Amino acid sequence: MTWAPYTVDATHFYLQVYFWLIVAVLGGLFLLMTFVQGGQTLFHTAKDETEERAILNSLGRKWELTFTTLVLFGGALYAAFPLFYSVSFGGAYWVWMLILFAFVLQAVSYEYMNKPGNLIGKGAYKFFLYFNGVVGMVLIGAAVGTFFTGSNFSYDPITRVLHWGTAPDGINLRGLEAAIDFRHGAWFNLAMGVLVFAAARILGALWLINDIDNNEFPELIARLRGVIKRCFVVLLIALAIVLAGLLTMKGYAYNIHDPSGKIYMEPGKYLHNLLSFGAIPLLLLLTGLVLYVIGVLKSGFGTSTRGIWFSGLGIVLIGIVIFVIAGLFGTPFYPSYADLQSSLTIQNSSGSKYTLEVMAWVSIAVPFVLGYIIWVWYQMKKAGPITKEEIADPESHAY
Amino acid sequence: MAMDMSMLEWARAQFAMTALFHFFFVPFTLGMSFIVAFFETIYVKTGKQEWKEITQFWQLIFAINFALGLSTGIIHEFEFGTNWATYSWFVGDIFGAPLAVEGIVAFFMEATFAAISFFGWKRVSKGVHLASSWLLAIGSNLSALWILIANGFMQHPSNAFLKVDIDTSRAVMTNFWALITQPVAQVKFLHTISAGYTLASVFVLGISAFYLLRGKHVEFAKKSAAVAAAFGLVSSIFVAVIGDDHAYEVTNTQPTKIAAMEGLYVGEKGAGIVAIGIPKNLPASEVSSNDQAWVFKIEIPHLLSILGKHSFNAYVPGLKDLIDGNPQYGIWPLSKLEKIGAEARADLLAYHEAKARGDQAAMEKAKNDFYSVVWSGDGVKLTKSDLIGYGFFKGKNPDLIHPPVPPVFFSFHIMVGLGFWFIILFIWAWIAVVKGSFENSKLLQQLAVLSVPLPWIATSFGWMTAEIGRQPWTVFGLLPTAESATPIALANVQATFFMFLTAFVILGIAELKILFTVVKHGPKGAH
């Protein structure tokens with residue numbers, strides 16, 4: 001039995017596009033907030049207790065925002081594209097479970113690390129933070145990679161009960177095959193993983209340079225600049241692979257006006273997407289890349305503390321473009337290489353028109369929420385960077 | 001679809017484990033966030049340093065707990081997808097919305113203002129800080145509202161706000177306002193948050209009493225206990241009052257649950273409540289009299305009819321009536337529900353087969369039958385599609401349709417018993433505080449210390465009453481638990497079960513150790 005998408009309804013379609021754009025913005029903001037994860041991989045740059053606590057306290061005031069952004073990212077996908085939630089989370093089981101586990105461990109580590117009686121010792125919590133920063137980032141990057149390379153699933157056309165296929169060796173890896181199945185773009189997924197990790201690590205260093213008092217911690221700051229330089233090389237290599245892949249690979253495609261919703265392969269699909277809509281995606285991507293590099297040059301190679309603002313804005317733009325070209329312009333955002341017609345598009349995986357309408361009203365709250373987050377951020381920041389005095393103050397709830 | 005039953009049991013066990021573990025921290029956050037805000041308000045009003053110390057001490061304890069609450073919370077969001085993929089697809093259109101709203105309006109409020117409340121003592125003004133502590137408390141409680149709206153939908157998926165859509169073969173939302181205002185969700189929310197307030201009050205009262213017994217931090221303990229006694233008294237009474245409303249809603253929306261809660265195998269007019277007793281675990285279809293069903297019981301006559309139906313002699317159906325039917329009271333036999341549900345499933349299939357052939361007439365016919373009204377009354381219309389869930393039970397053992405009686409009965413009754421104890425405890429403590437004798441009443445102090453773990457037992461059993469009592473459904477009457485899980489090999493679920501179990505054991509012990517260390521150090525030098 002072939003399966004047709006919903007009756008094409010213009011309002012419903014615009015809502016689907018709107019929610020995909022929200023997902024893209026949230027994805028971009030999440031990538032910005034991964035400076036927390038990146039920073040968690042930089043504890044080794046601290047050479048003494050005070051330096052380490054400076055890093056810990058700088059990140060410790062922001063990790064909840066990253067965590068919450070991830071939760072909302074998941075919640076928005078659940079509400080707006082429930083079939084994706086069902087297929088990807090239920091299917092690529094181990095990818096999501098490991099990501100989840102990495103974040104569960106992170107959430108307690110800041111609060112417990114330096115508390116007496118914490119059972120497993122400071123080193124264990126530091127390891128949890130490191131694990132979250134490396135494994136969490138690589139897996140999330142690789143998971144985003146499968147938005148382009150596809151996954152191994154099909155489902156019952158009526159009940160949507162899921163079938164997740166086995167890897168080439170016959171073992172069902174439930175999503176982890178994305179990292180080893182080179183016939184289906186594992187190289188691209190891995191490069192995405194490394195790219196997201198390297199980008200987060202650089203952001204982490206940029207954030208710490210900005211947030212920690214440079215005069216009190218000159219050596220730590222110098223070491224962080226060194227990390228940025230070295231990591232930038234890794235980032236450029238991964239970026240080259242990802243861009244080469246994106247611009248040359250065959251992409252999954254469908255015609256948004258075709259009521260059958262038939263999905264087919266299109267050479268150069270993602271390049272076409274970048275050039276769609278007056279090449280705005282391409283311009284945004286280039287702007288994002290340039291901004292990111294400016295930030296790296298300012299604070300990694302120069303002595304400015306303001307690099308994070310450039311690179312931060314840059315990564316948001318890059319993130320938005322990645323999601324836009326993965327899901328808009330007639331592109332199935334969660335394709336299946338096992339059964340092309342099971343691929344998920346924003347149209348066939350979305351919530352009902354009514355639910356999207358309701359959620360569109362709710363989304364009016366988003367600018368308001370962003371507003372108070374920025375206000376609180378400013379309130380906490382205006383008293384200056386983190387100093388030795390503050391870390392030593394028993395009233396500051398310092399970690 | 002054939003589901004591996006042992007996989008299903010493991011998936012359920014995993015969810016129950018994460019839910020119960022998460023729920024150790026949630027009610028504490030709900031109540032403690034307000035208690036901290038009370039203390040800080042007194043500090044800002046009086047400007048006295050001692051109240052600042054009180055605020056900061058309880059805030060430290062709050063923060064230790066908050067971290068684990070947050071980390072266990074995200075597990076659920078993911079598990080709905082990873083382990084309950086079919087559920088997520090079938091009801092995601094309704095269930096996903098409150099979760100997303102929770103993220104937007106509540107979680108960011110919690111996370112953002114927690115940063116000021118924890119770290120901003122010297123970075124922002126007193127007023128901004130106090131406002132942040134209040135917003136943190138409000139944010140926490142708002143998140144409870146939205147998750148309980150989602151849970152309320154699972155308890156009572158009324159066709160006032162959803163319908164099963166034949167085109168997409170899933171439930172879709174039809175009225176958001178009706179979803180968020182439905183009484184089942186609202187009483188659940190009020191019951192849960194007030195239980196959280198009670199729990200946090202018992203904790204603060206108990207720790208304060210512990211210091212008084214030791215003769216340490218006396219002024220600190222007296223002040224803390226006074227606030228806890230007042231908040232606890234109001235909250236514990238409110239829990240019971242709203243709990244009564246909650247039971248009323250359950251009686252009228254989930255008859256199998258209330259029957260299991262009260263061990264009512266056979267329906268009765270003027271049904272009583274067994275205050276103390278041991279019910280037997282029996283297949284309800286084989287029970288002919290309630291006398292068979294108890295090892296022993298002490299019963300308060302008529303109480304269930306009064307509480308559940310607000311009428312002295314009202315009829316409350318038992319589990320057996322819900323299987324066999326009872327024409328005298330208009331209760332349909334299960335077989336009739338199953339037959340209609342199976343017809344709805346057949347219509348759905350026929351509709352999609354016709355759609356594939358392009359046979360418009362057959363599609364129309366199937367659709368009309370799918371949405372044909374099978375019952376109406378009280379302004380409500382029930383169509384075949386609303387009963388589609390019962391179709392899954394056709395040809396199966398009829399006793400699968402109700403939850404096992406003993407665990408639901410015991411969970412419920414232990415919770416209620418403890419709830420009454422908290423009222424007594426707080427009346428006593430409040431009188432002692434007002435008379436100024438709390439400091440000297442050793443017995444009361446000892447009881448307060450011994451009571452510290454009890455509200456956690458009560459809230460856990462409350463949760464078990466709600467969730468085991470809902471079985472065999474994830475969404476009552478609409479989606480059976482057996483059809484909700486992700487089709488996946490057993491070993492995956494087992495592996496993640498033990499992964500989380502290990503993490504919970506280690507992190508749980510770590511949290512308790514840190515907590516005990518902080519309590520031992522006391523308010524001065526606790527940081």
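Keep in mind the model is a prediction, meaning the values are calculated, not measured.

## Digging into the overall build of chain A
- Scanning chain A for helices and strands turns up 14 helices and four strands.
- At 22 Å, chain A has a C-alpha radius of gyration in line with the 21 Å of a compact globule built from 399 residues.
- By its C-alpha atoms, chain A is 70 × 45 × 40 Å across when sized along the principal axes.
- Long-range pairs, those at least 24 residues apart, make up 75% of the contacts in chain A with a sequence separation of at least 6.

## Focus on the overall build of chain B
- Within chain B, the secondary structure is distributed over 16 helices and 10 strands.
- Here the C-alpha atoms of chain B give a radius of gyration of 25 Å, agreeing with the 24 Å that 2.2 N^0.38 yields for 527 residues.
- Over its C-alpha atoms, taken along the principal directions, chain B stretches across nearly 80 × 50 × 45 Å.
- A total of 527 residues make up chain B; the buried ones form 56% of that total.
- Pairs at least 24 residues apart make up 74% of the contacts formed inside chain B by residues separated by at least 6 positions.

## Considering the domain arrangement of chain B
Residues and elements named next belong to chain B.
- Partitioning chain B into structural domains gives domain 1 (258-326) and domain 2 (328-399).
- Taken residue by residue, the interface counts 11 residues in domain 1 and nine residues in domain 2.
- When residues in the side of domain 1 that touches domain 2 are grouped by element, the largest group, four residues, is from helix α10 (residues 319-324).

## What to know about helix α7 (residues 122-149) of chain A
- With 28 residues, α7 of chain A extends 40 Å between its outermost C-alpha atoms, agreeing within 8% with the 40 Å of an ideal straight helix rising 1.5 Å per residue.
- Backbone geometry just downstream of α7 of chain A places glycine 150 of chain A in the positive-phi region, at approximately 95°.

## Comments concerning the interface of chain A and chain B
- Facing the 65 residues of chain A at the interface are 70 residues of chain B.
- Every element with two or more residues in the side of chain A that touches chain B is listed here: α4 (63-80), α5 (82-91), α6 (93-113), α12 (353-362) and α13 (365-381) of chain A.
- Looking at the side of chain A that touches chain B, the element that brings in the most residues is α6 of chain A, giving 12 residues.
- Residues of the side of chain A that touches chain B, tallied by class, amount to 42 nonpolar, 16 polar and seven charged.

## Let's talk about unusual backbone geometry
- In this structure, proline 472 of chain B follows glutamine 471 of chain B across a cis peptide bond, with omega equal to 10°.
- Residue placement: proline 472 of chain B occurs in the loop between α15 (454-470) and β9 (473-475).
- Look at phenylalanine 277 of chain A: it is not a glycine, yet its phi comes out positive at around 55°.
- If you trace the backbone, phenylalanine 277 of chain A turns up in helix α10 (residues 269-301).

## As for the confidence of the model for chain B
- In this model, chain B carries a mean pLDDT of 94, and residues with pLDDT of at least 70 account for 99%.
- For this predicted complex, the interface score ipTM comes out at 0.93, alongside a pTM of 0.94.

## A short note on the packing of helix α1 (residues 5-46) of chain B against helix α2 (residues 49-82) of chain B
Residues and elements named next belong to chain B.
- At a closest axis distance of 7 Å, the pairing of α1 and α2 adopts a crossing angle of 150°. Relative to α2, the element α1 lies roughly antiparallel. The way α1 lies across α2 gives a crossing that is left-handed.
- Per-class residue counts for the contact of α1 with α2 are 19 nonpolar, 12 polar and three charged.

## Re the pairing of strand β5 (residues 294-300) of chain B
Residue and element names in this part refer to chain B.
- The element β5 is largely exposed, with a buried count of zero among its seven residues.
- Here strand β4 (residues 273-279) pairs with β5 via six bridges, running antiparallel. The residue bridging proline 279 from the neighbouring strand is tryptophan 294, located in β5.

## Description of the packing of helix α13 (residues 405-435) of chain B against α15 of chain B
All names here are of chain B.
- Where α13 contacts α15, the two axes come as close as 8 Å, and the packing angle between them is 145°. Here the hand of the crossing between α13 and α15 comes out left-handed. Together, Pro407, Val408, Ser411, Phe412, Ile414, Met415, Leu418, Gly419, Trp421 and Phe422 of α13 and Leu454, Pro455, Ile457, Ala458, Phe461, Gly462, Met464, Thr465, Ile468 and Gly469 of α15 make up the contact between the two elements.
- Looking at side-chain class alone, the contact of α13 with α15 contains 15 nonpolar, five polar and no charged residues.

## Thoughts on the pairing of strand β2 (residues 170-173) of chain B
Residues and elements named next belong to chain B.
- Across four bridges, strand β1 (residues 162-165) lies against β2 in antiparallel orientation. Bridging from a neighbouring strand, lysine 163 pairs with valine 172 of β2.
- Between β1 and β2, which follow one another and run antiparallel, lie four residues, and serine 169 among them has a positive phi close to 50°.

## Considerations on the environment of alanine 346 of chain B
Residues and elements named next belong to chain B.
- Among the structural elements, alanine 346 can be located in helix α11 (residues 334-357).
- C-beta crowding within 10 Å serves as the criterion here: with 15 such atoms nearby, alanine 346 is assigned to the partly exposed category.
- Sequence separation between alanine 346 and methionine 261 is 85 residues; the distance between their C-alpha atoms is 34 Å.

## What about the environment of glycine 90 of chain A?
- Inspection of the secondary structure assignment puts glycine 90 of chain A in helix α5.
- Spatially, the C-alpha atom of glycine 90 of chain A lies 29 Å from that of tryptophan 361 of chain A, the residues being 271 residues apart in sequence.
- Every residue in contact with glycine 90 of chain A, bar those within four places of it in the chain, is listed here: Leu162 of chain A together with Gly81, Thr82, Ala85 and Thr486 of chain B.

## Topic: the confidence of the model for chain A
All names here are of chain A.
- Averaged over all residues, the pLDDT of chain A equals 93, while 97% of them reach at least 70.
- Mean pLDDT per element in chain A: helix α14 (residues 388-392) is the minimum at 89, and helix α2 (residues 35-39) is the maximum at 98.
- Long-range and interchain partners of residues 1-6, a stretch whose pLDDT sits below 50, account for 14 contacts in this model, where long-range means more than four residues apart.

## With respect to α12 of chain A
- Residues of α12 of chain A that are buried include every one of Thr355, Leu356, Val358 and Met359 of chain A, and no others. Taken end-on, α12 of chain A shows its buried residues confined to a sector of 160°, consistent with a single buried face.

## Description of the environment of methionine 261 of chain B
- Among the structural elements, methionine 261 of chain B can be located in helix α8 (residues 255-261).
- Each C-alpha atom of the pair methionine 261 of chain B and serine 411 of chain B lies 8.1 Å from the other, and the pair is 150 residues apart in sequence.

Criteria and thresholds
- Residues numbered from 1 in each chain as written.
- Chains lettered and ligands numbered in written order.
- Predicted model: local features only at pLDDT ≥ 70, side-chain atom pairs only at ≥ 80, totals over all residues.
- Helix = DSSP H or I, 4+ residues; strand = E, 2+ residues; numbered from the N terminus.
- Rg over C-alpha atoms; globule rule 2.2 N^0.38 Å.
- Contact = placed C-beta atoms within 7 Å.
- Buried ≥ 20, exposed ≤ 12 C-beta atoms within 10 Å, placed from the backbone.
- Domains from an automatic or database assignment.
- Expected span 1.5 Å × (residues − 1).
- Nonpolar A, V, L, I, M, F, W, Y, C, P; charged D, E, K, R; others polar.
- pLDDT = per-residue confidence, 0-100.
- Axes fitted to C-alpha atoms, helices over the stretch in contact; angles between N-to-C directions.
- Parallel < 35°, antiparallel > 145°, perpendicular 65-115°, else oblique.
- Left-handed = near helix turned anticlockwise from the far one by under 90°.
- Pairing = 2+ DSSP bridges.
- Arc of directions from axis to C-beta.

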